[in-house]
Amino acid sequence: MSNILELEHISKKFDDDLVLDDLCLEVKENTFMTLLGPSGCGKTTTLRIIGGFTTPDEGRVLFEGRDITNLPPNKRHLNTVFQKYALFPHMSVGENIAFGLKISGKSDQYIRDKIRYALKLVNMDGYENRDVNMLSGGQQQRIAIARAIVNEPKVLLLDEPIGALDLKLRQDMQYELIRLKNELGITFIYVTHDQEEALTMSDTVVVMNQGYIQQMGSPESIYNEPENAFVATFIGDSNIMGGVMLRDKLVRILGVDFPCVDTGFGTNKPVDVVIRPEDVVLAEPGKGRMDGVVSHLIFKGVHYEMEVQAGGFEWLVQSTSMFPVGQEVSLNVDPFNIQIMNKPESEDEEAVVIDV
Amino acid sequence: MFKRKWLTAPYLAFILCGTVIPLIAILYYGFTDQEGSFTLENITAIADEEHAKALGLALLLALICTVVCLILAYPVGLILRKHASGKKGFVVFILILPMWMNFLLRTYAWKALLAGNGVLNNTLGGLGIGKLNIINTPAAIVLGMVYDFLPFMILPIYNVMVKIDNNLIEAAYDLGASKGKVLTKVLLPLSMPGIISGITMVFVPAVTTFVISQILGGGKIYLIGNIIEQEFTLNGNRQLGSGLSLVMMVFILISMALLNKFDKNGEGSII
Ligand SMILES: Nc1ncnc2c1ncn2[C@@H]1O[C@H](COP(=O)(O)OP(=O)(O)O)[C@@H](O)[C@H]1O
Ligand SMILES: [Mg+2]
C-alpha cells in the first residue's frame, strides 16, 4: 500500500504558542487512522492543515505524492465532516447533499441518484426534502457525512464527529462508521479524545500530546506495548512504576525481581514499567511474587476492580474472581505482560505524565 | 403572567396617541373635502402631473440611494465578519458615528461643502481640477440621503453577518466552492434578512424625506414629501396632504411586499 497522504516536518504556532512541533505522519491508502489525544494537543489543527483551512508555518503536506501545502480547501480532493456538523440552514437535506455536486457541475439525474444512494448509506432514506434544522444531532451528523461522501473524496476527515451524541448513539455510530469506511473503501482520518472510540474503530492510532506524536501503531500495539508513560496512562487503566532493568529479561520492581521478555536496555538501567490491571494475577499469600492486602473493591459488571497494597504501591487489579477487602493476597504477572519503557529524558516530558 | 401585561400599557398608550389616532385622522381627511363630505379627489390628485412627477422622482432617488447604500454597506459587512471580535465593535462605532450628530446639522454641512463656492469647490479649484456643480441637483439629494441613511443599512447587515457560523463558510470551501460561490450560495442567502431590513430602513425614510431635498435641492426640486409638507403648511390643505400621504403609504407597502417576497423565511421583515 502506498501513502495517500504525508505530513512532513509540520510546525504551527498560534501567537508564539507552538501547537505542532516538527510533526511527521504518513497515512496509508484505505486505512482508518485516528488522531487520539487530550483536548488542546493539536488534533484539530493537524486536521485543518490537511484540509487546507490552516497553513503550517513550516513543513509540507503531500497528497498522493503531490505537494498541496498551499492549495486552498476547494481544490483538495478530500472532504471534512465538521465537529458541529455545519449543515447549511437555508437548504433542505437534499440541497445540502447536492451542494458539492452542483458546484462540480454534475447532471441533475446524477445528483438525484447520488442523494438517494448517500441517504441510504447513512440510513436516512426518504429525508431529501426535510428541513435540516428539524433533525436531531445524530441525524444532522449523518447528513453531514452524506454531504461529504457524495463527492467521492479519497480521504475523509472527521473531527470528533460523534462527540456530541449520547452514549448509546455514539456506540451505534462507531459501528456504522466502520461499515461506511469498508463500503466506501477510502481513507478515514478521524480525530477524537476518546481512547475507547479510537481503539474500537481504527486500523492505526496516532497518540498525540502537546503537539508531538507519542506513539503510532495498531490499537493492539498501542494498548499492549505503550512506548511511554503518557501513552500508558492515556490509553486504558494501568499500573505505572519505576523499576530497574537488571539485565535482559529481568526487571526489579518495588524491590522484587520479575522475569520479563524485554531485551536491549543494558544492565542496571532505571526504566518505567507498565502493567495493565487485568494482567495482575491474584493468588493465595506466598504463592505469588509479592504479598499484599486488598484495600478496595468495586464490582464493575464484567469484572471486579480491586486495589492491592503491596511493596508500598497501590496496585490496580481487575479480575473475574473476587477477593474481599482486608484479604491477604499474593501478586503475580506473566513475563509477557510486563511492558518496559525508557524513562523520559527531559523534565518537560516528565511533567506531561504528572498532568494526566 | 396576567400582571405582566400591564407593563406594556405605556407603550400601547404611546402607539395609540402617536400612530393610531393620527392615522385615523389622515384616513378621515384623505377621503373628505373642505366641507367634510366624502370624496376621492384627494387620492386621485396624485395623477396631477406635478404630483406624479414628485412621487416618481422620490421613488427613483430613494431607489438609487438604497442601491448605493447596499453596495457600500455589504462589503463592509463582509470585512467585519472576518475581523477579530475585539476590533469589530470599534469599527462599527466609527461607521455609525455620524448617527450621533443631529440629522439637520449633517445635511446643512453637506450644503456648505457642496455649495458653488463651498469647501469642496474651493479645494478642487485650488488644485486646478475645476468645479463640481451638484448642489441643488438630484445628485446632491442622493448624496445627502446616502450619507444620512447609510448607518441604517450597515447595522442590520453587520448584525446578521457576524452571526453566520464560520464553519458554514469552511464547509462550503471544503465542498469545492470558490470565493464567488461561497458569496452567492452561502453568505448572500444567509444575510438576506439583514439586507431586507437594511433596505426597508433606508428606502422608507428616503422616499418620504422632504428635509434633505429642501436643503440640498435648493427648494427647486420637489419630492412627494415636499409636496405633502407644503399642503399641510403653506397651503393649509390638510385634506390634499392626507390624500397624497395615503397614496405614498400604499406605494411603500407595495415596495415592502415585493421586498418580502425575496425573504423566504420572513425573519428580516420589519413590517
Ligand atoms: N485559531 C487559533 N488561534 C489561536 N490558538 C489556537 C487556534 N486554534 C487552535 N489554537 C490553540 O492550539 C492548541 C491546539 O488546539 P486544537 O488543535 O484545536 O486541539 P485539539 O483539537 O487537540 O483539542 C490549543 O491550545 C488551542 O488553544
Ligand atoms: Mg479539536
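Quantities reported herein were computed from a predicted structural model and do not represent experimental measurements. (Residues numbered from 1 in each chain as written. Chains lettered and ligands numbered in written order. Predicted model: local features only at pLDDT ≥ 70, side-chain atom pairs only at ≥ 80, totals over all residues. Heavy atoms only, no water.)

### Some details on the overall build of chain B
Along its length, chain B carries twelve helices and zero strands. Within chain B, the fraction of its 271 residues that count as buried is 40%. Restricting the contact set of chain B to residue pairs at least 6 apart, pairs at least 24 apart contribute 69%. Working note: accessible area of chain B is about 14900 Å², and carbon and sulfur atoms make up 70% of it. Here chain B holds 19 positive side-chain charges and 14 negative ones, and the gap between their average locations is 15 Å. (Helix = DSSP H or I, 4+ residues; strand = E, 2+ residues; numbered from the N terminus. Buried < 20%, exposed > 50% of the residue type's maximum accessible area, 1.4 Å probe, protein only. Contact = heavy atoms within 4.5 Å. Areas by Shrake-Rupley, 256 points an atom, 1.4 Å probe, with all protein chains shown as cover. Lys, Arg positive; Asp, Glu negative; His and termini not counted. Charge placed at Lys NZ, Arg CZ, Asp CG, Glu CD.)

### Notes on the environment of B:Pro189
Relative to the assigned elements, B:Pro189 resides in helix α9 (residues 179–208). Note: C-alpha distance between B:Pro189 and B:Tyr158 (31 residues apart in sequence) is 14 Å.

### Some remarks on the interface of chain A and chain B
Interface size is commonly expressed as the accessible surface area that is lost when the partners come together. Contact with chain A, which involves 21 residues of that partner, is made by 16 residues of chain B. When the area that chain A buries against chain B is broken down by residue, the three leading residues are A:Asn74, A:His90 and A:Ile103, summing to 32%. Here chain A is connected to chain B by one salt bridge. Linking A:Arg48 and B:Glu170 is a salt bridge whose minimum nitrogen-to-oxygen distance equals 2.8 Å. On the surface where chain A and chain B come into contact, there are six residue pairs in polar contact (both at pLDDT 80 or more). Taken together, the elements giving at least two residues each to the side of chain A that touches chain B come down to β6 (78–81), α2 (93–103) and α4 (137–149) of chain A. In terms of residue class, the side of chain A that touches chain B is built from twelve nonpolar, six polar and three charged. (Buried area = accessible area lost by both parts, 1.4 Å probe. Salt bridge = Lys/Arg side-chain N within 4 Å of Asp/Glu carboxyl O. Polar contact = N/O pair within 3.5 Å; in protein donor to acceptor, adjacent residues only side chain to side chain. Nonpolar A, V, L, I, M, F, W, Y, C, P; charged D, E, K, R; others polar.)

### Points about the side chain of A:Arg142
Take A:Arg142: it is sitting in helix α4. Here A:Arg142 is in contact with A:Val122, A:Asn123, A:Met124, A:Met173 and A:Glu176, once residues within four sequence places are set aside.

### Digging into the domain arrangement of chain A
Looking at the assigned domains, one finds that chain A contains domain 1 (3–224) and domain 2 (237–342). For domain 1 of chain A and domain 2 of chain A, the distance between their C-alpha centres works out to 40 Å. (Domains from an automatic or database assignment.)

### Quick notes on the pattern of salt bridges
Residue and element names in this part refer to chain A. Considering all chains together, one arrives at 14 salt bridges over all chains under this definition. Note that Lys343 and Asp272 form a salt bridge whose closest N and O atoms lie 3.0 Å from each other. Placement of Lys343 in the loop between β20 (339–342) and α9 (347–355) and of Asp272 in strand β14 (residues 269–275) is noted, with a sequence separation of 71 residues between them. A residue is classified by how much of its surface remains accessible, and Lys343, at 38% relative accessible area, is partly exposed. By relative accessible area, Asp272 is classed as buried at 9%. A single network of salt bridges, built from pairs that share partners, joins Arg142, Glu176, Arg179 and Glu183.

### Brief notes about the nonpolar core
Among the nonpolar cores identified, the biggest contains 67 residues, and A:Phe88, A:Phe99, B:Cys65, B:Ile141, B:Met145, B:Val186 and B:Leu216 are the most heavily contacted of them. Counting residues in each nonpolar core, the second largest holds 36 residues, with A:Ile97, A:Leu135, A:Leu156 and A:Tyr190 among its members. (Core = buried A, V, L, I, M, F, W, Y, C linked by side-chain atoms within 4.5 Å.)

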